[in-house]
Amino acid sequence: MDYSENIIETIGNTPMVKMNKIVSEIDALVLAKYETFNPGNSVKDRMALQMIKDAEDDGRLKPGGIIIEGTSGNTGMGLALVAIVKGYKVICVISDKQSKEKMDILKAVGCEVHVCPTDVAPGDPRSYYSTAKRLAEETPNSWYVNQYDNPSNTKAHYLTTGPEIWKQTDGKVTHFVVGVGTGGTISGVGKYLKEKNPDIKIWGIDTYGSVFKKYHETGIFDDNEIYPYVTEGIGEDILPKNVNFDIIDGFIKVTDKDAAVYTQKLAKEEGMFLGNSAGAAIKGLLQLKENFSKNDVVVVLFHDHGSRYVGKMYNNEWMKSMGYLDC
């Protein structure tokens, strides 16, 4: 018989899918690393499992412990699935810009959810960064995950996602394109792929309101780059330790409107019901088209599932209210 012992054994080994209509203007073969096939419907399941494993191994997470994390939603879901199997409780701190679906899903899998304002500085005691840290300090037998600076985040993708992409493309991958938030995916995959072939180009998708692109190009952390944005799951107003800028060849920014519009396009033109960061990723890839030639194999990673965004990017009334649809 062929079965898994528990749900976390199904994490990883996600499919690679050829992109067609939406990338018709690109000569290269474009393949999507389709991470919604993870049990928590996102790429974050991989690092959630690795971070918990490593914390158990070195004693930071003890039996019956409480896992506390600031999350955009997907990491919380991954942590919750692993915690259910292993017997932990999860407290998630989330910003109020995240979709209601994400908050409801976290509650559905047993998480305690705290919602914090988005439009405050990271060091503000009301921010979701500060609130998560405070809760960890106040809660006995707790472990603060800190996915932004936790090296197990990058490690997960170096050990799993990168090798899968290399194997699935028979080592022919020439470019890797992915949205950047905590930095674990781009840094782990990028490190593995560049060890296999230093000529592989690693491109990060950023959003307006985030510091990554300018910092990568100038080394300057510019506070003027920081302002509230709608796109979920990518961009930051901090520099997570997991973002290895030396591995990244370049960043390109995508507007909130384009990210939202192309999220819908992926569903309607490719049958790919994906999250907001996928819209940003495919639009960013199209903006990079001059960098690709007909013999290239371009892999774009899609982070999460469209079910988390039905009230936003898949809701035409919401899209109209934001000025993203003309009629």
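These numbers come from a predicted model, not from an experiment.

About the cut-offs
Residues numbered from 1 in each chain as written. Predicted model: local features only at pLDDT ≥ 70, side-chain atom pairs only at ≥ 80, totals over all residues. Heavy atoms only, no water. Helix = DSSP H or I, 4+ residues; strand = E, 2+ residues; numbered from the N terminus. Core = buried A, V, L, I, M, F, W, Y, C linked by side-chain atoms within 4.5 Å. Buried < 20%, exposed > 50% of the residue type's maximum accessible area, 1.4 Å probe, protein only. Contact = heavy atoms within 4.5 Å. Salt bridge = Lys/Arg side-chain N within 4 Å of Asp/Glu carboxyl O. 1 Å grid on protein atoms, 1.4 Å probe; cavity = no way out; pocket = protein on both sides within 12 Å on 5 of 7 lines; lining within 4 Å. Points joined across faces, edges and corners; volume = space filled by probe spheres on them. Axes fitted to C-alpha atoms, helices over the stretch in contact; angles between N-to-C directions. Parallel < 35°, antiparallel > 145°, perpendicular 65-115°, else oblique. Left-handed = near helix turned anticlockwise from the far one by under 90°.

J.: Please give an account of unusual backbone geometry that cites residues and values.
T.: One non-glycine residue, Asn-13, adopts positive backbone phi at about 55 degrees. Summarising the element assignment, Asn-13 is placed in the segment before β1 (16-18). Unusually for a residue other than glycine, Asp-170 sits at a positive phi of about 55 degrees.

J.: Tell me about the nonpolar core, and name the residues and values.
T.: Judged by nonpolar contacts, the single largest core of 30 residues is most densely connected at Met-19, Val-23, Leu-266, Leu-285 and Phe-302. Element by element, the count of residues in this core is highest for helix α9 (residues 276-287), at six residues. Leaving out residues up to four positions away in the same chain, Leu-266 has contacts with Met-19, Ile-22, Gly-271, Met-272, Leu-274, Ala-278, Gly-279, Ile-282 and Phe-302. Ranked by size, the runner-up nonpolar core spans 27 residues in total, among them Ala-48, Leu-79, Tyr-88 and Ile-94.

J.: Mind laying out the pattern of salt bridges, listing which residues take part and the relevant values?
T.: Within this structure, the stated rule accounts for 20 salt bridges. A salt bridge links Lys-289 to Glu-25; the nearest nitrogen and oxygen atoms lie 2.9 Å apart. Of this pair, Lys-289 sits in the loop between α9 and β10 (297-302) while Glu-25 is found in the loop between β1 and β2 (29-34), placing the two residues 264 residues apart along the sequence. A salt bridge links Asp-104 to Lys-100; its shortest N-O distance comes to 2.6 Å. With Asp-104 and Lys-100 both in helix α3 (residues 100-108) and four residues apart, the pair spans about one turn of that helix. Given a relative accessible area of 35%, Asp-104 falls into the partly exposed group. Under the relative-accessibility criterion, Lys-100 is labelled exposed at 58%. Connected through shared salt-bridge partners, Lys-33, Glu-35, Arg-46 and Glu-164 make up one network.

J.: A description of empty space enclosed by the protein should follow, citing residues and the corresponding values.
T.: In total, this model carries one cavity of 30 Å³ or more according to the counting rule given. Considering only enclosed or pocket space, the largest cavity measures out at about 60 Å³ in volume. Considering the residues around the largest cavity, the lining is formed by Lys-44, Gly-179, Val-180, Gly-181, Thr-182, Gly-183, Gly-184, Thr-185, Ile-186, Gly-233 and His-303. Element by element, the count of residues in the lining of the largest cavity is highest for helix α6 (residues 184-196), at three residues.

J.: Describe the packing of helix α1 (residues 44-57) against helix α5 (residues 151-168), listing the residues and the values that go with them.
T.: Running from N to C, α1 and α5 cross one another at 130 degrees; their axes reach a closest spacing of 8 Å. The angle between α1 and α5 falls in the class oblique. Regarding α1 and α5, the two cross each other, and that crossing is right-handed. Of the residues in α5, those touching α1 at Arg-46, Met-47, Gln-50, Met-51 and Asp-54 are Ser-152, Asn-153, Lys-155, Ala-156, His-157, Leu-159, Thr-160, Thr-161 and Glu-164.

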